[in-house]
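Commentary on secondary and tertiary structure
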Amino acid sequence: MAHRSRVAGFLIALALALGGSVALAAPASADSYDCYQYLRLHYWGIHEAHEDACLDGEHGFFADCVDELRDHGIHRRFAIRACERADW
C-alpha cells in the first residue's frame, strides 16, 4: 500500500509541476504586428498608414483603427478582423 501512495504522490506532483507552468503562463496578447500581418495576407500594397491604424487598434482605439483602414481602401470586414487582432 505504501508503494501505491508514493507512486500516486509522485504522479500528482508531476501533474502539478507540468500543469503549473501552463497555469502560470502569461495570457496570449495581440498587437499591431498581428493586425498588420493579417492585412498583408489579404491585400497587396500595405503601407505605413495601415500600420498606423493597427497601432491605434493596439492602443484600444478600435473604431479609429477600423475607420482609418477603411479610409485607406480596406474592406470593412477585413478592417474589423485586422483591428480585432490588434486589440485582443
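No experiment lies behind these values; they were computed from the predicted model shown.

**Details of the side chain of Ser32**
Assignment of secondary structure puts Ser32 in helix H2 (residues 32-42). Beyond its immediate chain neighbours, meaning those up to four positions away, Ser32 contacts Cys54, Leu55, Glu58 and Ala86.

**Considering the state of the cysteines**
Taken as a whole, this structure holds 2 disulfides when the rule is applied. Across the disulfide, Cys65 is cross-linked to Cys83 (sulfur-sulfur distance 2.0 Å). Taking the sign of the S-S torsion, -90° for the link of Cys65 and Cys83, the bridge is left-handed. Taken together, the residues span a long stretch of sequence, with Cys65 in helix H4 (residues 62-71) and Cys83 in helix H5 (residues 76-87) at a distance of 18 residues.

**What about the confidence of the model for the chain?**
Predicted confidence across the chain gives a mean pLDDT of 80, with 66% of residues reaching 70 or more. By mean pLDDT, the top-scoring element of the chain is H4 (96), and the lowest-scoring one is helix H1 (residues 2-24) (57). Contacts of residues 21-28 to residues separated by more than four positions or lying in other chains number 0 contacts, the stretch itself having pLDDT below 50.

**Overview of H2**
What sets the pattern is the α-helix's 3.6 residues per turn: residues three or four places apart point alike. Considered for burial, the residues of H2 that qualify are Ser32, Cys35, Tyr38 and Leu39. Mapping the buried residues of H2 onto a view down its axis gives an arc of 125°, with all of them on the same face. When the buried face of H2 is taken as reference, the exposed residues oriented beyond 90 degrees from it are Tyr33, Arg40 and Leu41. Elements that come into contact with the buried residues of H2 comprise helix H3 (48-58), H4 and H5. Structurally, the start of H2 carries an N-cap: the backbone nitrogen of Tyr33 is 3.1 Å from a side-chain oxygen of Asp31.

**Digging into the packing of H4 against H5**
Between H4 and H5, whose axes approach to 9 Å, the crossing angle comes to 140°. Judged on the interaxial angle alone, H5 and H4 are oblique. In this structure, the crossing between H4 and H5 has a hand that is right-handed. Residues Phe62, Cys65, Val66, Leu69 and Arg70 of H4 touch H5, and the partners they reach there are Arg76, Ala79, Ile80, Ala82, Cys83, Glu84 and Asp87. Taken together, the residues that form the contact of H4 with H5 break down as 8 nonpolar, no polar and 4 charged.

Conventions we followed
- Residues numbered from 1 in each chain as written.
- Predicted model: local features only at pLDDT ≥ 70, side-chain atom pairs only at ≥ 80, totals over all residues.
- Heavy atoms only, no water.
- Helix = DSSP H or I, 4+ residues; strand = E, 2+ residues; numbered from the N terminus.
- Contact = heavy atoms within 4.5 Å.
- Disulfide = S-S within 2.5 Å.
- pLDDT = per-residue confidence, 0-100.
- Buried < 20%, exposed > 50% of the residue type's maximum accessible area, 1.4 Å probe, protein only.
- Arc of directions from axis to C-beta.
- Polar contact = N/O pair within 3.5 Å; in protein donor to acceptor, adjacent residues only side chain to side chain.
- Axes fitted to C-alpha atoms, helices over the stretch in contact; angles between N-to-C directions.
- Parallel < 35°, antiparallel > 145°, perpendicular 65-115°, else oblique.
- Left-handed = near helix turned anticlockwise from the far one by under 90°.
- Nonpolar A, V, L, I, M, F, W, Y, C, P; charged D, E, K, R; others polar.

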